[in-house]
Amino acid sequence: MATDSGDEYNPLDYDNLTKHCVQELMLRGPDSLDFPEPFTGSGVYALFYKGSLDLYRPIRSPKAEWPIYVGKAVPPGARKGGKTSRRSKALYSRLREHHESIRTAKNLDPKAFLCRYLAVTPLWITMAERLLIEDFQPLWNVCIEGFGLHDPGKRRYEGQRSWWDVLHPGRNWAGRLPQGPRSAAKAKQRVRDFLKNHKPGSRMPALREDPSRFMQDDED
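Small disclaimer: the values here were computed from a predicted structure and weren't measured.

This brings us to helix α3 (residues 122-136). The end-to-end C-alpha separation of α3 is 22 Å, in line with the 21 Å expected for 15 residues at 1.5 Å each. Among all positions in α3, only Ile125, Ala128, Glu129, Leu131, Leu132, Ile133, Asp135 and Phe136 are buried.

For the rest of this paragraph, the subject is unusual backbone geometry. Look at the link from Gly29 to Pro30: it is a cis peptide, with omega at 5°. Summarising the element assignment, Pro30 is placed in the loop between α1 (14-26) and β1 (31-32). A positive phi is found at Ala64, a non-glycine position, where the angle reads about 55°. Here the phi dihedral of Gln137 falls at roughly 50°; this positive angle occurs in a residue that is not glycine. Structurally, Gln137 is set in the loop between α3 and α4 (139-142). When its relative accessible area of 6% is taken as the criterion, Gln137 is described as buried.

Thresholds applied
- Residues numbered from 1 in each chain as written.
- Predicted model: local features only at pLDDT ≥ 70, side-chain atom pairs only at ≥ 80, totals over all residues.
- Heavy atoms only, no water.
- Helix = DSSP H or I, 4+ residues; strand = E, 2+ residues; numbered from the N terminus.
- Expected span 1.5 Å × (residues − 1).
- Buried < 20%, exposed > 50% of the residue type's maximum accessible area, 1.4 Å probe, protein only.

Pasting the structure below:
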């Protein structure tokens, strides 16, 4: 029976790429953030919260099923179009940075987190990260931004403290940034508002259409 051309399978279709990327990542691990040995590879990863904070109860994921954060780790030279090394420890280094950020936070514990990571050909890393964010809409990516930030360096502390650092204070360099109108109370309310419609296993078409709804700063 002939099929309508609209039903043809396209392996490079956006939805198919999303499905394959998510499936592959979710087959890896899960692992703790306390890696005993360095490992090589660059690619994408996801962090999962399994702790007891009541605020994060709706997305608590002891079986590493629903990420609180996803990110990418590109090998040196990739951003400038240079030659990259397959022996890069980009994923390991990035996950160790996250371990340190969580460890220094006053209300978080690295033992309350799990991770999955997937080595990806450098050409596809940024696309894979975007697909994962769009598919899962992780809390720390879409609602409480700032977890993946680095120390801006000396004489560059004019910016405002991130929502993540307001909610989870402890990083020394973040403490040197002005807090501005943001507060822990406002950050917690952002989380509650976000999670009302964002539950594990659900998808949010409205948010897919306008993810900036939760990325905009509330300066009230």
